[in-house]
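One letter stands for each residue in the lines below.
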Amino acid sequence: MTRYTLITGASSGIGLAMAEALARRGRNLVLIARHREALEAIASELTQRFGVEVLFRVCDLGEPLRLSGFILELEQGERQFDLLVNCAGIGTCGPFFAQEWADQQDLIDINITALSRLCHTIGNAMALQGGGQILNVASIAGFQPGPWMSTYYASKAYVLHFSEGLREELRGVGVKVSVLCPGPTRTAFFRTANLEAGRLDNSKLMMNAEEVALAAVRGLERNRALIIPGWQNRLLATAPRFMPRWLARKLYGAINKHYCPH
Ligand SMILES: NC(=O)c1ccc[n+]([C@@H]2O[C@H](COP(=O)([O-])OP(=O)(O)OC[C@H]3O[C@@H](n4cnc5c(N)ncnc54)[C@H](OP(=O)(O)O)[C@@H]3O)[C@@H](O)[C@H]2O)c1
């Protein structure tokens, strides 16, 4: 039976780069995002270039009813998945009370709820079919609190800890779980999060989505628990462990305040 890789957030940035890297390795794909035209173009290009089957499904993962409909479709469908890449995610920034609640709710629905439900449904199917692999996209933001982007940092801390927890739980049923923690990456993320990324553009810290995807695919091949692309990001992810928490709060608050318009 043909097996597929399901990738959320595959219409741009890191998810798109993951789709290309995995198609190059001969994997059949199902791509998820909201923008139909982008998905259509990507599916046809990847099929032409790599001769793999690339399907797509338009879904707003932040809409509870649409997410439930999609989950039902997956549960009732015949398609089998051997890899799930949960990459869709959004950020918001600014003082918590100055931000619209609807945007915070969206972030929680996409970054946390949709990711967890897809792990629940597809991970369970993988366990029944005898194995599979899950890659959840967190961030180096998940390693410490992030004032002025508190909801985003906390959502990524959730993804990080949830994924590591699941990895241990699912070891017994043959489902391997890895978590990807990129640092700043050149994508549309900064624009949609309303961050002033121009100031970061020339930073040595910025990676390309393709570099991040390559590190992710290599990490998956080695079944790494935690995949942090780039030595600078590994350093940034480790540093908070050696700081008192008051210092981490102050430091990351100052950094975020610098990049958030307010
Ligand atoms: N860029 C960075 O510096 C960075 C660093 C660390 C972690 N990350 C994480 O990497 C992941 C990918 O982000 P990116 O940097 O590649 O940003 P991006 O280019 O903005 O990609 C975000 C993807 O998520 C999809 N998406 C957004 N809202 C959605 C929704 N409601 N329903 C379905 N799909 C939705 C978007 O597709 P549509 O708009 O077509 O729906 C797009 O494909 C995110 O989880 C982000 O937190 C990014």
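Nothing here was measured: the structure is a model prediction, and the numbers come from that model.

**Q** Just to check I follow, could you spell out the sheet that holds strand β5 (residues 132–137) for this structure?
**A** Sheets are built from strands that pair by backbone hydrogen bonding, the pairs being arranged parallel or antiparallel. Taken in spatial order, the seven strands line up as β3-β2-β1-β4-β5-β6-β9 in an open sheet, and their pairing is parallel. Sheet topology places β3 (54–58) and β9 (226–227) at the edges, where each strand pairs with a single neighbour. In the packing of helix α5 (residues 150–170) onto the sheet, the strands contacted are β5, β6 (175–180) and β9, and the crossing angle to β6 comes to about 160 degrees.

**Q** Sorry, what's going on with the nonpolar core here?
**A** Soluble globular proteins tend to bury their nonpolar side chains together. Core analysis: the largest hydrophobic core is formed by 32 residues, its most contacted members being Met 18, Leu 29 and Leu 31. Within the residue set of this core, elements represented by two or more residues are α1 (13–24), β2 (28–33), α2 (36–50), β4 (80–86), β5 and α7 (209–221). Here this core takes seven residues from α1, the largest share from any one element. In contact with Met 18, not counting residues within four places along its chain, are Ile 7, Val 85, Leu 135, Ala 213, Ala 216, Val 217 and Leu 220. Residues Leu 6, Val 30, Leu 118 and Ile 134 belong to the second largest nonpolar core, which totals 24 residues.

**Q** Help me understand the site of the ligand in this model?
**A** Close to the ligand lie 31 residues, the nearest being Ile 14, Arg 34, His 35, Tyr 152 and Thr 187. At a separation of 3.5 Å, an oxygen atom of the ligand approaches a polar backbone atom of Ala 188. Relative to its unbound accessible area of 880 Å², the ligand is 95% covered by the protein chains. Broken down by secondary-structure element, the contributors of at least two residues to the shell around the ligand are α1, α5 and α6 (189–192). The residue makeup of the shell around the ligand, split by class, is 17 nonpolar, 11 polar and three charged.

**Q** Looking at this model, I keep getting lost on the pairing of β5. Mind explaining?
**A** Remember that side chains alternate between the two faces of the sheet whenever the strand is regular. Burial analysis of β5 places six of its six residues in the buried class, which makes it a mostly covered element. Side chains Gly 132, Ile 134 and Asn 136 of β5 all project onto a buried face; the interleaved residues Gln 133, Leu 135 and Val 137 project onto the opposite face, where all are buried too. Here β4 runs beside β5; their pairing, made up of four bridges, is parallel. If you follow Leu 84 over to β5, its bridge partner there is Ile 134. Considered for its hand, the β-α-β crossover made up of β4, helix α4 (residues 101–129) and β5 is right-handed. Across six bridges, the pairing between β5 and β6 is parallel. Bridged to Ile 134 within β6 is Val 177. Crossover connection from β5 via α5 to parallel β6: handedness right-handed.

Conventions and cut-offs
Residues numbered from 1 in each chain as written. Predicted model: local features only at pLDDT ≥ 70, side-chain atom pairs only at ≥ 80, totals over all residues. Heavy atoms only, no water. Pairing = 2+ DSSP bridges. Helix = DSSP H or I, 4+ residues; strand = E, 2+ residues; numbered from the N terminus. Contact = heavy atoms within 4.5 Å. Axes fitted to C-alpha atoms, helices over the stretch in contact; angles between N-to-C directions. Core = buried A, V, L, I, M, F, W, Y, C linked by side-chain atoms within 4.5 Å. Buried < 20%, exposed > 50% of the residue type's maximum accessible area, 1.4 Å probe, protein only. Near = heavy atom within 4 Å. Polar contact = N/O pair within 3.5 Å; in protein donor to acceptor, adjacent residues only side chain to side chain. Areas by Shrake-Rupley, 256 points an atom, 1.4 Å probe, with all protein chains shown as cover. Nonpolar A, V, L, I, M, F, W, Y, C, P; charged D, E, K, R; others polar. Right-handed = clockwise from strand over helix to strand, strands pointing away.

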